[in-house]
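Commentary on secondary and tertiary structure
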Amino acid sequence: MSPVEPPDALRERIEEELERDRRWEFRLPLFGGIAILICAAIVVVRVVFLHV
């Protein structure tokens, strides 16, 4: 093992964390779409009911 490479245990922990982050990245567009829908609903409610 060269001094540049991390130990096996650390490498496995890093790979697991990267995999968790990768799974969250796939969920981000869904969360973004939900946030846009909520903002659109707020705008519709303000326009329709409050006549702003």
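Going by the structure above, here's the rest.
Heads up: these notes are all about the structure in this document. Values in this document were obtained by computation on a predicted structure and should not be read as measured data.

Before going further, it helps to spend a moment on the overall build of the protein. Of the regular secondary structure elements, the protein holds one helix and zero strands. For 52 residues, the compact-globule estimate of 2.2 N^0.38 gives 10 Å, and the C-alpha radius of gyration of the protein, at 22 Å, exceeds that figure by more than 25%. When the backbone C-alpha atoms are referred to their principal axes, the protein occupies close to 70 × 15 × 10 Å. Within the span of the protein, comprising 52 residues, buried residues form 0% of the whole. Surface summary for the protein: the accessible area is close to 5000 Å², and the carbon and sulfur share equals 68%. Computing the positive centroid from 7 side-chain charges and the negative centroid from 9, the protein places the two 10 Å apart.

Turning next to helix α1 (residues 8-50). An ideal rise of 1.5 Å per residue puts 63 Å on 43 residues; α1 measures up with 61 Å between its terminal C-alpha atoms. Roughly 35° is the biggest bend found in α1, and it falls at R27, with proline P29 one to four residues downstream. With its phi angle positive at about 50°, H51 sits one or two positions after the end of α1.

Before going further, it helps to spend a moment on the packing of aromatic side chains. The description of two aromatic rings rests on the distance between their centres and on the angle between their planes. Counted by the stated rule, this structure contains one aromatic pair. A cation over an aromatic ring shows up here: R27 above the ring of W24, its NZ or CZ 4.8 Å from the ring centre.

If you walk through the whole model with that rule in mind, you get two salt bridges. Between R11 and D8 there is a salt bridge whose closest N-O contact spans 3.0 Å. Taken together, the residues R11 and D8, both in helix α1 and three residues apart, mark about one turn of the helix. In this structure, R22 and E19 form a salt bridge, with 2.8 Å as the shortest nitrogen-oxygen distance. Separated by three residues within a single helix, R22 and E19 lie in helix α1, roughly one turn from each other.

The rules we used
- Residues numbered from 1 in each chain as written.
- Predicted model: local features only at pLDDT ≥ 70, side-chain atom pairs only at ≥ 80, totals over all residues.
- Heavy atoms only, no water.
- Helix = DSSP H or I, 4+ residues; strand = E, 2+ residues; numbered from the N terminus.
- Rg over C-alpha atoms; globule rule 2.2 N^0.38 Å.
- Buried < 20%, exposed > 50% of the residue type's maximum accessible area, 1.4 Å probe, protein only.
- Areas by Shrake-Rupley, 256 points an atom, 1.4 Å probe, with all protein chains shown as cover.
- Lys, Arg positive; Asp, Glu negative; His and termini not counted.
- Charge placed at Lys NZ, Arg CZ, Asp CG, Glu CD.
- Expected span 1.5 Å × (residues − 1).
- Bend = angle between axes of the 7 residues up to and from the residue.
- Phe/Tyr/Trp six-rings, centres within 6.5 Å; stacked < 30°, edge-to-face > 60°.
- Lys NZ or Arg CZ within 6 Å of the ring centre and 35° of its normal.
- Salt bridge = Lys/Arg side-chain N within 4 Å of Asp/Glu carboxyl O.

What is shown is where atoms sit, not what they do.
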